[in-house]
Amino acid sequence: MRWNSIWKWVSVVITILAALTISLKVTDILISYVIFLVGHLSMAFIMLKDRDWSLFSMNIIWIIIDITGIITWR
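Here the structure is a predicted model, which is why all the values come from computation and not from measurement.

A.B. asks: What is the right way to read the overall build of the chain from this model?
C.D. replies: Helix and strand counts for the chain come out as 3 helices and 0 strands. Helices and strands appear in the chain in the N-to-C order α-α-α. Principal-axis analysis of the C-alpha atoms places the extent of the chain at approximately 35 × 25 × 15 Å. Taken across its 74 residues, the chain has 31% of its residues classed as buried. Excluding contacts between residues fewer than 6 apart, the proportion of contacts in the chain whose partners are at least 24 apart in sequence is 58%. Across the chain, the 6 positively charged side chains and the 4 negatively charged ones have centroids separated by 4 Å.

Structure follows, in structure tokens:
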């Protein structure tokens, strides 16, 4: 398995954990947004390297949403 493939799965797991922290009220929503940001930043980096422009663009939008959430809930 390539490193890129492994890192993609790590990014997926990170974003799933962020979603679970919100839905199960495990932690403060601000922390959940930070976890989402880490997952989306890592996925955006991978998509940039792979030149997968559609998924890269989607992750940039998610990053903007994450930063907005962090600012709003701070």
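A.B. asks: What is the right way to look at the packing of aromatic side chains in this model?
C.D. replies: Counted under the stated rule, the structure contains 2 aromatic pairs. On the basis of an interplanar angle of 20° and a centroid distance of 6.0 Å, the ring pair of tryptophan 3 and tryptophan 7 is categorised as stacked. Here tryptophan 7 and tryptophan 3 lie together in helix α1 (residues 3-23), a separation of 4 residues that amounts to about one turn. By relative accessible area, tryptophan 3 is classed as exposed at 60%. A centroid spacing of 6.0 Å and a plane angle of 85° characterise the contact between tryptophan 53 and phenylalanine 56, whose relative ring orientation is edge-to-face. Placement of the pair is tryptophan 53 and phenylalanine 56 together in helix α3 (residues 53-73), with a separation of 3 residues, close to one helical turn.

A.B. asks: Just to check I follow, could you spell out the side chain of aspartate 66 for this structure?
C.D. replies: Counting through the fold element by element, aspartate 66 comes out in helix α3. Despite being buried, aspartate 66 has no salt bridge partner; arginine 74 is the closest side chain of opposite charge, sitting 14 Å away. If we ignore the near neighbours within four places in the chain, the residues touching aspartate 66 are Tyr33, Phe36, Leu37 and His40.

A.B. asks: For this particular structure, what's the right way to read the packing of α1 against helix α2 (residues 29-50)?
C.D. replies: The description of two helices packed together rests on the angle between their axes and the distance between the axes. As a packed pair, α1 and α2 sit with axes 8 Å apart at the nearest point and diverge in direction by 160°. With respect to their mutual orientation, α1 and α2 come out roughly antiparallel. The crossing of α1 and α2 is left-handed.

A.B. asks: What's the story with unusual backbone geometry in this structure? I'm lost.
C.D. replies: For residues other than glycine, phi is negative in most cases, and the peptide bonds are mostly trans. The backbone of lysine 25 sits at a positive phi, close to 55°, despite the residue not being glycine. For arginine 51, which is not glycine, the phi torsion reads 55° and is therefore positive. By the element assignment, arginine 51 lies in the loop between α2 and α3. Taking the relative accessible area as the measure of exposure, arginine 51 reaches 65% and is therefore exposed.

The rules behind the values
Residues take numbers from 1 onward in each chain, read along the sequence in its written order. At least 70 in pLDDT is required for a residue's local features to be given in this predicted model, at least 80 for side-chain atom pairs to be given and counted, and no such filter applies to totals for whole chains, interfaces and linings, which use all residues. Neither water nor hydrogens contribute to the side-chain values; these are computed over all heavy atoms in the structure. Strands here mean DSSP runs of E at least two residues long; helices mean DSSP runs of H or I at least four residues long; both are numbered from the N terminus. Burial classification: accessible surface area is computed with a 1.4 Å probe over protein chains only, and a residue below 20% of its type maximum counts as buried, one above 50% as exposed, and the rest as partly exposed. Only heavy atoms enter the contact rule, under which two residues are in contact if any of them lie within 4.5 Å. When charges are counted, Lys and Arg contribute as positive and Asp and Glu as negative, whereas His and the chain ends are disregarded. One atom stands in for each charge, and that atom is NZ of Lys, CZ of Arg, CG of Asp or CD of Glu. Think of it this way: a Phe, Tyr or Trp ring, Trp meaning its six-membered ring, pairs with another when their centres are within 6.5 Å, and the plane angle makes it stacked under 30 degrees, edge-to-face over 60, tilted otherwise. Definition used for salt bridges: Asp or Glu carboxyl oxygen within 4 Å of a side-chain nitrogen of Lys or Arg. Angles run from 0 to 180 degrees between N-to-C directions of axes, and those axes are lines fitted to C-alpha atoms, restricted for helices to the stretch in contact. Here the angle decides the label: under 35 degrees means roughly parallel, over 145 means roughly antiparallel, 65 to 115 means roughly perpendicular, and every other value means oblique. Each helix crossing is assigned a hand: it is left-handed if the near helix lies turned anticlockwise from the far helix by less than a right angle, otherwise right-handed if that turn is clockwise.

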